[in-house]
Amino acid sequence: MIPKQVKIVEVGPRDGLQNEATPIHHDDKLALIDGLADAGLRAIEAGSFVNPKWVPQMAGSGDVFAALQRRPGVVYSALTPNLRGFEQALAAGVDEVAVFAAASEGFSRKNINCSVAESLQRFEPVMVAASAAGVPVRAYVSCVIACPYDGRIDASNVLNVTRALLDLGCYEVSLGDTVGQATPADTRRLLDTLLSAVPVGQLAAHFHDTYGQALANTLVALDYGIATIDSSVAGLGGCPYARGASGNLATEDLVYMLNGMDIEHGVNLDKLIAAGNRISAALGRRNQSKVAQALTPP
Ligand code: HMG
Ligand code: MG
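Please read these numbers as outputs of a predicted model, since none were measured by experiment.

With respect to the site of ligand 1
Part 1 of the argument: Residues in close proximity to ligand 1 total 27 residues, the closest being Val50, Asn51, Gly85, Ser142 and Gly176.
Part 2 of the argument: For the shell around ligand 1, the secondary structure elements donating two or more residues are helix H4 (83-92), helix H5 (105-112) and strand S5 (137-142).
Part 3 of the argument: For the shell around ligand 1, the class distribution of residues is 13 nonpolar, 12 polar and two charged.

Structure (structure tokens):
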């Protein structure tokens, strides 16, 4: 059944900016995060604590967290691939972290330089430390439909990794269509398999829009009862280890659709568009959201 209320996880400041070729000014990141919070977003992925040689745009995440004007009720989170990343994130004052695994071996190797099984082992001490610190841990599974290195991915692989992450103590698994190749038929097949074994409340949807399918896939996920949707303002984004992967589902497009479906989400569309236009201008490009384009005067 379609949920009456949806939690939007805004990943623009992390997934959106991590792949940018030109350096992004610290103040632009802060203005983006604050603009998103001002628009009503309550879950904002604000950075990641990974090797800065691999993802230079996220190198300043500690400084970003230190300088945030925290708004009450907003959860500011970060990606942490291992214990070292978690310790840095904790010191920076994150409210929540996310570990990230993949449903394909090829992507796991390229993205985090280890096998899927090794990545799960790396998360074990993160879970222990997070539990001791009272920090909730979310998880991602990448390449839930297709992998740029291994091709099509079997849903049973996604289910196995998802279960392993939930067994580790992650409160939710976000299903990442990293390369954006999924069609609604793929998404249905995936969710038929996953929901045979995992409660819908422990799943989130994370679609990239490379093939223009993100909103259609999100609608399928909503139809299956998934009530947490990841998106990125202005359709920013891409993954440095998935060539050709473009931005995430644009938050403006998601909000517009949810408005039309009378699904509550708490976000002010005008303020959101303003935040998306500001960061797009800072990056020297047009806002990639169709809704933002339609609603922004020439
Ligand atoms: P590694 O090479 O396996 O680690 O990297 P290592 O333990 O062998 O250490 C190698 C170097 O990394 C050492 O530095 C460590 O100190 C350093 P060196 O001696 O060479 O100077 N190191 C770290 N530095 C900073 N922070 C850390 C850290 N850990 C070790 N936490 C690692 C393992 C995961 C760190 C590396 O592979 C990495 O940083 N990868 C980047 C992964 C990434 O950020 N990918 C993009 C995000 S995932 C994504 O976008 C998908 C998602 O959106 C969902 C979807 O769409 O599918 C979530
Ligand atoms: Mg992503």
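Following the structure, the description resumes.
Section: the packing of helix H2 (residues 26-38) against helix H11 (residues 269-283)
Part 1 of the argument: Following both chains from N to C, one finds H2 and H11 inclined at 170°, their axes separated by 8 Å at the closest point. Relative to H11, the element H2 lies roughly antiparallel. Each of Asp28, Ala31, Leu32, Gly35, Leu36 and Asp38 in H2 lies in contact with H11, whose residues at this interface are Lys271, Ala274, Ala275, Arg278, Ile279 and Ala282.
Part 2 of the argument: Classifying every residue of the contact of H2 with H11 by side-chain character gives seven nonpolar, one polar and four charged.

Topic: unusual backbone geometry
Part 1 of the argument: With phi around 65°, Ala234 is a residue other than glycine that occupies positive phi space.
Part 2 of the argument: On the basis of neighbour count, Ala234 is assigned to the buried category, with 30 C-beta atoms found within 10 Å.
Part 3 of the argument: Positive phi values are uncommon outside glycine, yet Asp262 reaches one of about 60°.
Part 4 of the argument: Its location among the elements puts Asp262 in the loop between helix H10 (251-260) and H11.

Some words on the sheet that holds strand S10 (residues 228-231)
Part 1 of the argument: Here eight strands make up a closed barrel; going around it, the order is S1-S2-S3-S4-S5-S8-S9-S10 and the pairing parallel. This sheet shows a mean twist of 25° between the axes of neighbouring strands, independent of strand direction.
Part 2 of the argument: With six bridges joining them, strand S4 (residues 96-102) and S5 adopt parallel strand pairing. Across the sheet, Phe100 pairs through a bridge with Tyr140, a residue of S5.
Part 3 of the argument: Together, S4 and S5 form the strand contacts of helix H6 (residues 116-133), whose direction differs from that of S4 by roughly 165°.

Calculation notes
Residues numbered from 1 in each chain as written. Chains lettered and ligands numbered in written order. Predicted model: local features only at pLDDT ≥ 70, side-chain atom pairs only at ≥ 80, totals over all residues. Near = placed C-beta within 6 Å. Helix = DSSP H or I, 4+ residues; strand = E, 2+ residues; numbered from the N terminus. Nonpolar A, V, L, I, M, F, W, Y, C, P; charged D, E, K, R; others polar. Axes fitted to C-alpha atoms, helices over the stretch in contact; angles between N-to-C directions. Parallel < 35°, antiparallel > 145°, perpendicular 65-115°, else oblique. Contact = placed C-beta atoms within 7 Å. Buried ≥ 20, exposed ≤ 12 C-beta atoms within 10 Å, placed from the backbone. Pairing = 2+ DSSP bridges.

Nothing here speaks to function; it is geometry throughout.
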